[in-house]
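One-letter residues, chain by chain:
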Amino acid sequence: MSGALASSGGNNAWLLHRYRFLLVSQMELIQIYQCFCDRTRLRILHLLTRSSLCVCHFQEILNEPQVKISKHLAYLRSHGLVTTEKEQNWVIYSLPERRTHELERNLNCLQDCVQTDSVFKNDLQNLNKLRNNCCEPRSIFDQPTTRRRKNAKAKSSVHLRA
């Protein structure tokens, strides 16, 4: 009997592991779609695929008030779609360096879908103008969005329950 019980326990552990994996995957997908269901958050994510930015940059590019931008960035951060790094007086927002497969695929889909949307095109034009005219913090435009700065402190506030 002890052999059957041990075998059953091993099977239960495998099922529990599989259930946790499916649950976390579903939570990640739901979190992604919750973040994608707002136009301002889509615009922010679209810009972050091109460059890391701070709140003041988003304000200028999107022509939206600071409080609105900050609330959306906090929402995206709490759902794990953006990370922050402190650079001098600025908090720089970027996409996570390590992205889930689901997030990567949805960001690629977003890039495909916004190609003909005038609002998103205008955002990219504003980003390019900002790159040419912005003075601080200039270093964020010099680095790829996937590489972290060595002197910056990275923060993420997402913890998925398993």
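Think of each chain on its own: its residues are numbered from 1, step by step along the sequence as written. Selection of residues for local features in this predicted model requires a pLDDT of at least 70, selection of side-chain atom pairs for listing and counting requires 80 or more, and totals for whole chains, interfaces and linings are taken over all residues. Side-chain numbers here rest on the full set of heavy atoms in the structure, without hydrogens or water.

Lay out the pairing of strand S3 (residues 90–94) in plain terms, naming residues and giving numbers.
Consecutive side chains along a regular strand alternate between the two faces of the sheet. Both strand S1 (residues 53–54) and S3 contribute to a ladder of 2 bridges, which runs antiparallel. Its bridge partner lying in S3, Leu53 is registered against Tyr93. Taken together, the 5 bridges between strand S2 (residues 83–87) and S3 define a ladder with antiparallel strand orientation. Its bridge partner lying in S3, Thr83 is registered against Ser94. At least two DSSP bridges between two strands are needed for those strands to be called paired. Helix and strand definitions follow DSSP, with helices as H or I runs of at least four residues and strands as E runs of at least two, each counted in order from the N terminus. In this antiparallel pair of consecutive strands, S2 and S3, the connection spans 2 residues, and Gln88 shows a positive phi of 55°.

Can you break down the pattern of salt bridges residue by residue, with the values?
A carboxyl oxygen of Asp or Glu within 4 Å of a side-chain nitrogen of Lys or Arg is what we treat as a salt bridge. Across all of its chains, the model carries 5 salt bridges by this definition. Of the charged contacts in the structure, one is a salt bridge between Asp117 and Arg39, with a shortest N-O distance of 3.1 Å. In this pair, Asp117 sits in the loop between helix H5 (101–113) and helix H6 (118–133) while Arg39 sits in helix H2 (residues 39–48), placing the two residues 78 residues apart along the sequence. A salt bridge links Glu64 to Lys68, with the nearest nitrogen and oxygen atoms 3.3 Å apart. Each residue is assigned to one of three classes by its accessible area relative to the maximum for its type, calculated with a 1.4 Å probe on protein chains only: buried under 20%, partly exposed between the two thresholds, exposed over 50%. Under the relative-accessibility criterion, Lys68 is labelled partly exposed at 30%. Among the charged side chains, a network of salt bridges with common partners joins Arg43, Glu64, Lys68 and Asp123.

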